[in-house]
Amino acid sequence: QVQLVESGGGLVEPGGSLRLSCAASGFTFSIYAMGWYRQTPGKQRESVAVITSGGNTNYADSVKGRFTISRDNAKNTVYLQMNSLKREDTAVYYCNVIRWWGQGTQVTVSS
């Protein structure tokens, strides 16, 4: 079965960096687009970044220039490098492929 396991979340000060990882299994990772989404209480889940099977990327306007999505097909893992973090980046971050979701990892940006 499809499994997506996120890791790398935590507490970071404004301006800091974190790298999220999503380890995938149960499907042919290399042929699918992968995405990172985030959600805060009371709000809809929103797309943060997507990477296609060919490595093309797309970002939400709010994170362009600060976040980078990448993938390692040999490790069945997708990453989200987050730099220059802001308080408004605080959210639970989820990994996604098609209709499957990971359990989420909490990112808190606070001093």
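This text gives an overview of the structure that appears in the document. On a predicted model such as this, the values are computed, not experimentally measured, just so you know. (Residues numbered from 1 in each chain as written. Predicted model: local features only at pLDDT ≥ 70, side-chain atom pairs only at ≥ 80, totals over all residues. Heavy atoms only, no water.)

What follows deals with the packing of aromatic side chains. On inspection of all chains with the given rule, the structure shows three aromatic pairs. When the ring of Phe 27 is compared with that of Tyr 32, the centres are 5.8 Å apart and the planes differ by 70 degrees; the resulting orientation is edge-to-face. You can call Tyr 32 partly exposed: its relative accessible area is 31%. Between the aromatic rings of Tyr 37 and Trp 101, the centroid separation amounts to 4.9 Å while the plane-to-plane angle is 75 degrees, which identifies the pairing as edge-to-face. Residue Tyr 37 is found in strand 4 (residues 34-39), and its partner Trp 101 is found in strand 10 (residues 100-101); the two are separated by 64 residues along the sequence. With a relative accessible area of 36%, Trp 101 lands in the partly exposed category. Here the aromatic residues Phe 27, Phe 29 and Tyr 32 are joined through ring pairs into a cluster of three or more. Over the aromatic face of Trp 101 sits the side chain of Arg 45, whose NZ or CZ is 4.5 Å from the ring centroid. (Phe/Tyr/Trp six-rings, centres within 6.5 Å; stacked < 30°, edge-to-face > 60°. Buried < 20%, exposed > 50% of the residue type's maximum accessible area, 1.4 Å probe, protein only. Helix = DSSP H or I, 4+ residues; strand = E, 2+ residues; numbered from the N terminus. Lys NZ or Arg CZ within 6 Å of the ring centre and 35° of its normal.)

A separate point is the side chain of Glu 6. Locating Glu 6 in the fold gives a position in strand 1 (residues 3-7). Despite its burial, Glu 6 remains without a salt bridge, the nearest opposite charge being carried by Arg 45 at 7.3 Å. Among the polar contacts made by the side chain of Glu 6, one reaches the main-chain amide nitrogen of Cys 95 at a distance of 2.7 Å. For Glu 6, the side chain forms a polar contact with the main-chain nitrogen of Gly 104, separated by 2.9 Å. Those residues in contact with Glu 6 that lie beyond four places of it in its chain are Ser 21, Cys 22, Trp 36, Tyr 93, Tyr 94, Cys 95, Gly 102, Gln 103, Gly 104 and Thr 105. (Lys, Arg positive; Asp, Glu negative; His and termini not counted. Salt bridge = Lys/Arg side-chain N within 4 Å of Asp/Glu carboxyl O. Polar contact = N/O pair within 3.5 Å; in protein donor to acceptor, adjacent residues only side chain to side chain. Contact = heavy atoms within 4.5 Å.)

Before going further, it helps to spend a moment on the pattern of salt bridges. For the structure shown, the criterion picks out four salt bridges. When the shortest N-O distance is used, the salt bridge between Arg 38 and Asp 89 registers 3.0 Å. Here the residue Arg 38 occupies a position in strand 4, and Asp 89 occupies one in the loop between strand 8 (77-82) and strand 9 (91-97), the gap between them amounting to 51 residues. When sorted by exposure, Arg 38 lands in the same class as Asp 89, which is buried. Across the pair Asp 61 and Lys 64 runs a salt bridge, and its minimum N-O distance is 3.1 Å.

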